[in-house]
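Now for the letters of each chain:
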Amino acid sequence: MDFDIYEEVYKCSKCGLCQSVCPIYLATKNEMYLSRGRYIVLNNAYNYNKKLSSKFIKNLDLCLNCNLCKNFCPSNIDAKEIFTLLKFQNKYKYGFLSFSIIFFLILLTYKIRRKNIFVKRERIQAKNLKKENIIYFQGCINKYVNPSDKNATLNILGKLGYRVVKTSSLCCGLPYLSDGDLKSFQHNSNKIIDSVSSDIKYIVCSCDSCYETLEKIPELKEKIIRLDDILKLNNIELASNTSYVYHKPLIRNDECYLPSEIKILNKKGNCSLMENFLLLKHRKLADKLFKDVFYKQQDIENKTIITSCLLSKFGLEYLIKKMKTNTKVYSYSEYIYCDSIRKDNIYN
Ligand code: SF4
Ligand code: SF4
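Reading the values: the criteria
Residues numbered from 1 in each chain as written. Chains lettered and ligands numbered in written order. Predicted model: local features only at pLDDT ≥ 70, side-chain atom pairs only at ≥ 80, totals over all residues. Heavy atoms only, no water. Axes fitted to C-alpha atoms, helices over the stretch in contact; angles between N-to-C directions. Helix = DSSP H or I, 4+ residues; strand = E, 2+ residues; numbered from the N terminus. Parallel < 35°, antiparallel > 145°, perpendicular 65-115°, else oblique. Left-handed = near helix turned anticlockwise from the far one by under 90°. Contact = heavy atoms within 4.5 Å. Nonpolar A, V, L, I, M, F, W, Y, C, P; charged D, E, K, R; others polar. Buried < 20%, exposed > 50% of the residue type's maximum accessible area, 1.4 Å probe, protein only. Phe/Tyr/Trp six-rings, centres within 6.5 Å; stacked < 30°, edge-to-face > 60°. Lys NZ or Arg CZ within 6 Å of the ring centre and 35° of its normal. Near = heavy atom within 4 Å. Pairing = 2+ DSSP bridges.

Asks: Just to check I follow, could you spell out the packing of helix 3 (residues 35–47) against helix 6 (residues 79–89) for this structure?
Replies: Packed helix pairs are characterised by how far apart their axes lie and by the angle those axes make with each other. Where helix 3 meets helix 6, the closest approach of the two axes is 12 Å, and the angle between their N-to-C directions is 50°. The orientation of helix 3 relative to helix 6 falls into the category oblique. For the pair helix 3 and helix 6, the crossing hand works out as left-handed. Facing S35, R38, Y39, L42 and Y46 of helix 3, the residues of helix 6 in contact are A79, I82, F83 and L86. Tallied by class, residues from the contact of helix 3 with helix 6 come to 7 nonpolar, 1 polar and 1 charged.

Asks: Mind showing me how you'd approach the environment of N190 here?
Replies: Along the chain, the position of N190 falls in helix 11 (residues 182–194). Using a relative accessible area of 35% as the deciding quantity, one classes N190 as partly exposed. It is 9.1 Å that separates the C-alpha atoms of N190 and I217, two residues lying 27 residues apart in sequence.

Asks: Before we go on, may I ask you to explain the side chain of K223 in this structure?
Replies: Looking at the secondary structure, you find K223 in the loop between helix 12 (208–214) and strand 4 (224–226). Beyond its immediate sequence surroundings of up to four residues, K223 is in contact with V196, S197, S198, I200, K201, Y202 and I203.

Asks: Can you help me understand the packing of aromatic side chains in this one?
Replies: Two aromatic rings are characterised by how far apart their centres lie and by the angle between their planes. Taken as a whole, this structure holds 5 aromatic pairs when the rule is applied. With a centroid separation of 5.5 Å and 75° between ring planes, the pair formed by Y6 and Y46 is classed as edge-to-face. Pair noted here: Y6 is in helix 1 (residues 5–10) and Y46 is in helix 3, with a separation of 40 residues, a long-range link. For Y6, a relative accessible area of 30% translates into the label partly exposed. Under the relative-accessibility criterion, Y46 is labelled partly exposed at 33%. An aromatic cluster of three or more residues is present, and its members are Y6, Y10 and Y46. Here the guanidinium or amino end of K87 rests over the ring plane of Y92, the centre of that ring lying 4.7 Å away. Here the basic side chain of R226 rests over the ring of Y211, its NZ or CZ set 4.3 Å away from the ring centre.

Asks: Teacher, can you tell me more about the site of ligand 2 here?
Replies: The environment of ligand 2 is made up of C22, P23, I24, S35, C63, L64, C66, N67, L68 and C69. Secondary structure elements with two or more residues in the shell around ligand 2: helix 2 (23–28) and helix 5 (68–72). Per-class residue counts for the shell around ligand 2 are 8 nonpolar, 2 polar and no charged.

Asks: Sorry if this is basic, but what is going on with the pairing of strand 1 (residues 133–137) here?
Replies: Looking along a regular strand, one sees the side chains alternate between the two faces of the sheet. The element strand 1 is extensively covered by neighbouring structure, given that 5 of its 5 residues are classed as buried. Sheet topology places strand 1 next to strand 2 (residues 163–168); 5 bridges connect them, and they run parallel. Considered in strand 2, the bridge of N133 is made with R163. By the bridge criterion, 5 bridges tie strand 1 to strand 3 (residues 200–205) in an arrangement that is parallel. Its bridge partner being in strand 3, Y136 is matched across the sheet by V204.

None of this, on its own, says anything about what the molecule does.
What follows is the structure, given as C-alpha cells:
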C-alpha cells in the first residue's frame with residue numbers, strides 16, 4: 001500500500017465535522033472511536049516518537065470501515081485506508097484466532113445447518129449467446145449461506161446471453177482486510193488474478209462488499225462489474241414496483257439501478273453492521289447502533305427490503321429476528337429474478 005499515514009492524519013484540521021456522521025461516535029459519544037480522536041493520538045505518536053498502545057490498535061475494530069467520515073471531511077482523509085494499514089503495521093490480533101478464520105468457521109456452521117433447504121433452480125440459457133465470456137464471482141455468503149442469490153444471478157446472466165465460463169468460489173479477501181492482514185489479502189488477490197484468463201470481459205459481482213474489495217486489486221479493476229451495472233449496460237428496463245424498499249449499504253457511493261418507484265430507506269446509506277463484521281465482533285455495540293442510529297422498528301416493519309450487499313442481507317436478517325417484525329429481505333438478484341424483469345424483458 002503506497003500511503004503515508006503521517007501525511008494523511010496531519011491534514012486533519014480538527015473541525016469536528018466527522019462527529020455528525022460517524023455512526024459509532026453517534027452511538028457512543030466517545031471521541032476515541034471517532035476519526036478525529038484517533039488522528040490526534042496518531043499525530044502525537046508520530047511527533048513524539050511514541051509507541052501506539054495495544055488498546056488503541058484493538059479499538060480500531062470499533063469502526064465500520066464505512067468511510068462516511070472521509071466523504072464528509074474537508075481534507076478527504078481516508079479513515080478506512082489508515083486503519084487497515086495501522087492494523088497491518090502493528091500486527092493487530094482479534095483474539096486467539098484471527099477473525100478471518102472465525103468468519104469462515106461461522107459460515108461453515110451455517111452451511112452445515114442450512115444444507116438441505118436450498119433447491120437448485122434450473123439454469124436458463126439464452127438461445128443466442130453473446131460473444132462475451134464472463135466470470136461470476138459468487139463470494140463467501142453465496143457459497144456458504146445464501147445460494148439462492150447465486151442461482152438467481154446465474155439465471156439472469158444466462159438469460160442476458162453471457163457465457164458464464166466459471167463461477168468463482170474464491171473469497172474476495174474482505175475478512176483479511178478487516179484483520180489488517182495485508183499479506184494474506186495479497187496472496188488471496190494473486191489467486192483471483194491467476195484464475196482470470198485474458199478472454200474474460202467481465203467479472204460480475206452480485207454483492208457490493210465483494211465488488212468494493214475486488215476493486216482494490218489494480219489488475220482486476222477494468223473487469224469488475226456489479227450485476228445492476230450489467231442490467232443498465234444492456235438497457236434492461238425494470239418493471240415498476242412500489243411494494244419494495246431499498247437498503248443502500250454504506251459502502252456504496254453511487255445509486256443502485258432500480259425502478260424509480262422503489263423508495264430508498266436512507267439515501268446516505270445505512271449499515272447492517274456487517275461492513276466491518278461489527279455484528280460478529282461486538283454484538284452489544286451492534287445492538288445499540290441498530291436501536292439508536294440505524295433502523296427504527298417503524299422504518300422496516302412489514303416491508304420487503306432489497307439490498308445489493310449480501311453481508312447487509314445477513315445483518316438485516318439478524319435485526320428482523322431481533323425486532324420480531326414481519327419483514328422480508330431479498331438480495332438484488334433474488335428480487336430481479338423473481339419479481340421485476342422476469343416477466344417483462346429478459347424472460348420474454
Ligand atoms: S472532518 Fe476531517 S478534518 Fe474535520 S475533524 Fe474530522 S477528520 Fe479532521
Ligand atoms: S469509517 Fe465510519 S465508523 Fe469508522 S470512523 Fe469513519 S465514519 Fe466512523
